[in-house]
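What follows is each chain in one-letter form.
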Amino acid sequence: MDVELLTQLFGTKGRWSGPCTVIIRADAHVQTIGNDAIVQGGVKTYSPRLITGRVPADHVMLLPDRSALLLIKRNIQRQATGEDQVQYTLQVVNTAHVAAVEFDRLDALQQLGVAAP
């Protein structure tokens, strides 16, 4: 993906953008297709894994030198006590390996100067 296009989408002023999916040219993300389960008797059964280049992110920032995208993903895990434990994952992606960016809203069209349909 062209670095100028990434600059239009995310800017270079160190601001965080909202949620999106970054598609990179690598098998970089392992996604479970179903829920993991442990069957009685100690036999473990795990759901199949899907290896993909689609990396979901809650927050994205383009570094000022435009060399990398910072992707932050938030995972919430419910503990047995009922409390939620929040865990953050940071991924640093080389902009030369970004193939596409997918947004679930039309807000990104404003950054590109395109009117919404």
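Draft legend 1. Fine view of the overall build of the protein. When its secondary structure is counted, the protein shows two helices and ten strands. Counting from the amino terminus, helix and strand elements in the protein follow one another as α-β-β-β-β-β-β-β-β-β-β-α. For the protein, the proportion of its 117 residues judged to be buried stands at 23%. For the protein, contacts bridging at least 24 residues in sequence account for 57% of all contacts bridging at least 6. Put simply, the protein shows about 8,000 Å² of open surface, and 52% of that area lies on carbon and sulfur atoms.

Draft legend 2. Structural context of the pattern of salt bridges. Scanning the entire structure with this criterion turns up four salt bridges. Linking Arg-78 and Asp-84 is a salt bridge whose minimum nitrogen-to-oxygen distance equals 2.9 Å. Relative accessible area serves as the criterion here: at 62%, Arg-78 is assigned to the exposed category.

Draft legend 3. Representation of unusual backbone geometry within the structure. A positive phi angle is found at Arg-66, which is not glycine, with a value near 60 degrees. Position of Arg-66 among the secondary structure elements: in the loop between strand 7 (59-62) and strand 8 (68-78). Exposure remark for Arg-66: the relative accessible area of 28% places this residue in the partly exposed category.

Calculation notes
Residues numbered from 1 in each chain as written. Predicted model: local features only at pLDDT ≥ 70, side-chain atom pairs only at ≥ 80, totals over all residues. Heavy atoms only, no water. Helix = DSSP H or I, 4+ residues; strand = E, 2+ residues; numbered from the N terminus. Buried < 20%, exposed > 50% of the residue type's maximum accessible area, 1.4 Å probe, protein only. Contact = heavy atoms within 4.5 Å. Areas by Shrake-Rupley, 256 points an atom, 1.4 Å probe, with all protein chains shown as cover. Salt bridge = Lys/Arg side-chain N within 4 Å of Asp/Glu carboxyl O.

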